[in-house]
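Close look at the chain arrangement
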Amino acid sequence: MDRLDTEIAETPVSGREAPEQATSAAPSRKVFVKTYGCQMNVYDSERMSDALSRDGYTATDSPEDADLVLINTCHIREKAAEKVYSQLGRLAKLKKRRQSEGSDFMVAVAGCVAQAEGQEITRRAPVVDVVIGPQTYHRLPDALAKARTGAKVVETDFPVEDKFTALPKAPEKVIRKRGVSAFLTVQEGCDKFCTFCVVPYTRGAETSRPVDAIVAEAERLAAAGVREVTLLGQNVNAWHGEGSDGREWGLGELLRRLAEIDGLERLRYTTSHPRDMDDGLIEAHRDLPELMPYLHLPVQAGSDRILKAMNRRHTADDYIRLVERIRQANPDLALSGDFIVGFPGETDEDFEDTMRLIETVGYAQAFSFKYSPRPGTPGADLGGHVDEAVKSERLDRLQALLYRQQRDFAERCVGREIDLLLEKPGREPGQLIGRSPWLQPVIVNAKPEEIGDIVKVRITKAGTNSLFADRV
Ligand code: 5AD
Ligand code: SF4
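Sequence order sets the numbering: in each chain, residues are counted from 1 along the sequence as written. Each chain takes a letter, starting from A, and each ligand takes a number, starting from 1, following the order in which they are written. Per-residue local features of the predicted model are confined to residues with pLDDT of at least 70, and side-chain atom pairs are confined, for both listing and counting, to 80 or more; whole-chain, interface and lining totals are unaffected and use all residues. Side-chain measures here rest on the full set of heavy atoms in the structure, leaving out hydrogens and waters.

1. Regarding the overall build of the protein chain
Basically, it comes down to this: Comment: elements are numbered from the N terminus, with helices defined as DSSP H or I runs of at least four residues and strands as E runs of at least two. Only C-alpha atoms enter the radius of gyration; for comparison, a globular chain is expected to reach 2.2 Å times N to the power 0.38, where N is the number of residues. Burial classes follow relative accessibility: with a 1.4 Å probe on protein chains only, a residue under 20% of its type's maximum area counts as buried, one over 50% as exposed, and anything between as partly exposed. Throughout, a residue-residue contact means that at least one pair of heavy atoms, one from each residue, lies within 4.5 Å. For every accessible area listed, the method is Shrake-Rupley and the probe measures 1.4 Å; residues are considered covered only by the protein chains on display. For the purpose of counting charges, residues Lys and Arg are taken to be positive, whereas Asp and Glu are taken to be negative. His and the chain ends are not included. To locate a charge, the coordinates of NZ of Lys, CZ of Arg, CG of Asp or CD of Glu are taken.
When you go through the protein chain residue by residue, the secondary structure sums to 15 helices and 21 strands. In terms of C-alpha radius of gyration, the protein chain reaches 22 Å, essentially the compact-globule figure of 23 Å for 472 residues. For the protein chain, the residues scored as buried account for 58% of the 472 residues in total. Counting contacts in the protein chain only where the partners sit at least 6 residues apart, residues at least 24 apart contribute 74% of the total. Surface exposure of the protein chain reaches about 19,700 Å², of which carbon and sulfur atoms provide 49%. Measuring between centres, the 65 positive side-chain charges of the protein chain sit 4 Å from its 75 negative side-chain charges.

Laid out in structure tokens, this is it:
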């Protein structure tokens, strides 16, 4: 999965959407959703909101007037569980107050911390009524109903039924509210077992959703005004399924099929593993104008010794050659990556190998972290712990280099003419924000009713985190 649990770390999506109107029989209740971690969690939170809307829940921006606080957690790096516990501690008072006001106030914990901690959560934080894992959240409404009878409900198994089939579809007006760029989970879980990573334990074994279900969901999104879809998976390029021609399809074929959908103008996918970049996917980058020229392809480290200890199953050279092949297929493609510094046993030389790899590849965007041992992963038992001060020093140097590359890339964009999908209002009135093909935010003068349009602009300036452009 790689980047998934980093990009929008700790970005709440609460209140972003108002779930389906209450059904006539269901009482009206409010849910405050707080989402941590990856895009997959954002998608899961939306689907949980859809499921809750059947029970009459509508979204609220404030926990203070909520009847349900749902925390969708991330376990990828340090102290995630501790942060959740301290947040839960603060909710105890609110629960008392809301109950005294007559609300059947409940607290539910979902996501990877829920999966990893299970019953421990209700033991340590009695304020919690429901603990629900990433593979069982379609059962959230039932779990809440059970909890209303006073029971503590912990649902963290890996059921055989398909949660996607069990979940209600988001109504058109909800999709419209969520915006013109949408996520769509096509793959879940991971069988790679990188030695630093909890994902294979919290998200379970690798599974792919069937072509038909994905196409139907993408068509619904497009019919409700979505212009850009980002396919999600912890190991998205390991996706495979039986195609309409009866053959086994890979992600490249799936992207070709989705590109045929009317109204869907842009496709992206994340996160990929180098081992699963097959020819079909590389050719899709060569052939499909709808497929944006941006690829998040984490390498984690540039030393073969460390890559081996991480169980990444490729060398630095394999990665560099793969990048060359992808760039041959699409010379305009921008690369992004994830890096870990201070994995157990990492020497100064190993670290210099990583710096060299970054110089060789050249990244437009990157995410980098100090290694943090995750309980239950093989990495946590390795010797050769790297001193925190050394980790910090390495991370500073690595980030300075990556930041320089990101700036250089942005500067090289200045003067280019691009198609921009206008997504949302900018900070200043009269401005809209969109994303460049390479995922940078771009600010341009445009009218609110142009949201959803794809317009031609010329990039005029590179700011710290975004680009500025003029209409052409
Ligand atoms: N320590 C530090 N970083 C980690 N990541 C995953 N697990 C760990 C860990 N134990 C990083 C990897 C991954 C990204 C999502 O988070 O770089 O690609
Ligand atoms: Fe990604 Fe490796 Fe974790 Fe799988 S085990 S999600 S490939 S980092």
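2. A look at helix 2 (residues 80-100)
Worth spelling out the cut-off: Helices are assigned an expected span. That span is 1.5 Å times one less than the residue count. At every residue, the bend is computed as the angle between two fitted axes, covering the seven residues ending there and the seven beginning there respectively.
If you check helix 2, its first and last C-alpha atoms are 31 Å apart, about what 21 residues at 1.5 Å a residue would give, namely 30 Å. Maximal helix bending in helix 2 amounts to about 30°, located at A92. Where helix 2 is buried, its residues meet strand 1 (29-35), strand 3 (68-73), strand 4 (106-110), helix 3 (111-117) and helix 4 (119-124). The first or second residue beyond helix 2 is G102, which carries a positive phi of 95°.

3. A word on the UniProt feature "domain: Radical SAM core" (unreviewed entry) in the protein chain
Selection criterion: UniProt positions are given in the numbering used here, feature names are shortened, and annotations may be inferred rather than shown by experiment.
Under the UniProt annotation, "domain: Radical SAM core" (unreviewed entry) lies at residues 176-408. A helix fraction of 40% and a strand fraction of 18% characterise residues 176-408, whose end C-alpha atoms lie 36 Å from each other.

4. Observations concerning the side chain of S372
The residue S372 is located in the loop between strand 16 (365-370) and helix 15 (388-413) in this model. Relative accessible area serves as the criterion here: at 5%, S372 is assigned to the buried category. Setting aside its immediate chain neighbours within four residues, S372 contacts R77 and E78.

5. Overview of the packing of aromatic side chains
In this description, an aromatic ring pair is defined by two values, namely the gap between the centres and the angle between the planes. Operational definition: Each aromatic pair joins two rings of Phe, Tyr and Trp (for Trp, the six-membered one) with centres within 6.5 Å, and gets the label stacked for planes under 30 degrees apart, edge-to-face for over 60, and tilted for any other angle. We call a charge positioned above a ring when the Lys NZ or Arg CZ atom is no farther than 6 Å from the ring centre and deviates by at most 35 degrees from the ring normal.
Tallied over the entire structure, the rule returns five aromatic pairs. Summarising the aromatic geometry, the rings of Y43 and F164 are spaced 6.4 Å apart at their centres and angled 50° between planes, so their arrangement reads as tilted. Within this pair, whereas Y43 is found in helix 1 (residues 39-53), its partner F164 is found in helix 6 (residues 163-166), the two being separated by 121 residues in sequence. Judged on exposure class, the residue Y43 and its partner F164 are both buried. One cation-aromatic arrangement involves R77 over F369; the distance from NZ or CZ to the ring centre is 3.7 Å. The side chain of R209 reaches across the aromatic face of F164, ending 4.0 Å from its centre.

6. As for the sheet that holds strand 4
Hydrogen bonds between backbone groups are what pair the strands of a sheet, and the pairing can be parallel or antiparallel. Our working rule: Here a strand pair is declared whenever DSSP counts at least two bridges between the two strands. To obtain each axis, a line is fitted to C-alpha atoms, and for helices this fit is confined to the stretch in contact; angles are then taken between N-to-C directions over 0 to 180 degrees.
In spatial order, the strands read 2-1-3-4-5-6; together these six strands make up an open sheet with parallel pairing. Among the strands making up the open sheet, the edge pair consists of strand 2 (57-59) and strand 6 (153-155). Neighbour to neighbour, the strand axes of the sheet diverge by 20° on average, direction disregarded. Sheet analysis places strand 3 next to strand 4, joined by five bridges and oriented parallel. Bridge assignment links L70 to a residue of strand 4, and that residue is A108.

7. Concerning the environment of I320
Within the element layout of this structure, I320 appears in helix 13 (residues 316-329). For I320, a relative accessible area of 18% corresponds to the buried category. Along the sequence, I320 and I175 sit 145 residues apart, while their C-alpha atoms lie 39 Å from each other. The contacts of I320, once residues within four sequence positions are left out, are L357, T360 and V361.

8. Quick notes on the nonpolar core
What counts, and what does not: Each nonpolar core is a collection of buried residues, namely Ala, Val, Leu, Ile, Met, Phe, Trp, Tyr and Cys, held together in the definition by side-chain atoms within 4.5 Å.
If you look at the biggest cluster of nonpolar residues, it comprises 95 residues, and the most contacted ones within it are L88, L231, Y269 and Y363. What Y363 contacts, discounting residues up to four positions off in sequence, is V299, Y319, L335, S336, G337, F339, L357, I358, L402, Q405 and Q406. Listed in part, the 25 residues of the second largest apolar core include V31, M106, A108 and Y137.

9. Here we look at the UniProt feature "domain: TRAM" (unreviewed entry) in the protein chain
Mapped onto the present numbering, the UniProt feature "domain: TRAM" (unreviewed entry) falls on residues 411-472. Strand forms 53% of residues 411-472 and helix 5%; the C-alpha atoms that close the span are 19 Å apart.

10. Quick word on the pairing of strand 19 (residues 441-445)
Two strands pair when backbone bridges link them, and strand 18 (residues 431-435) and strand 19 are joined in this way by five bridges, in the antiparallel orientation. When the bridges of strand 19 are listed, L432 appears paired with V444. Remark: five residues form the turn of the hairpin made by strand 18 and strand 19, two consecutive strands paired antiparallel; L439 in that turn has positive phi of roughly 75°. Two elements, strand 19 and strand 21 (residues 467-471), share two bridges in a ladder whose sense is parallel. Paired with V442 across the two strands is L467, which belongs to strand 21.

11. Examining the domain arrangement of the protein chain
Selection criterion: These domain limits were set by an automatic method or by a database of domain assignments.
Taken as a whole, the protein chain is organised into domain 1 (29-158) and domain 2 (417-471). The distance between the C-alpha centroids of domain 1 and domain 2 comes to 36 Å.

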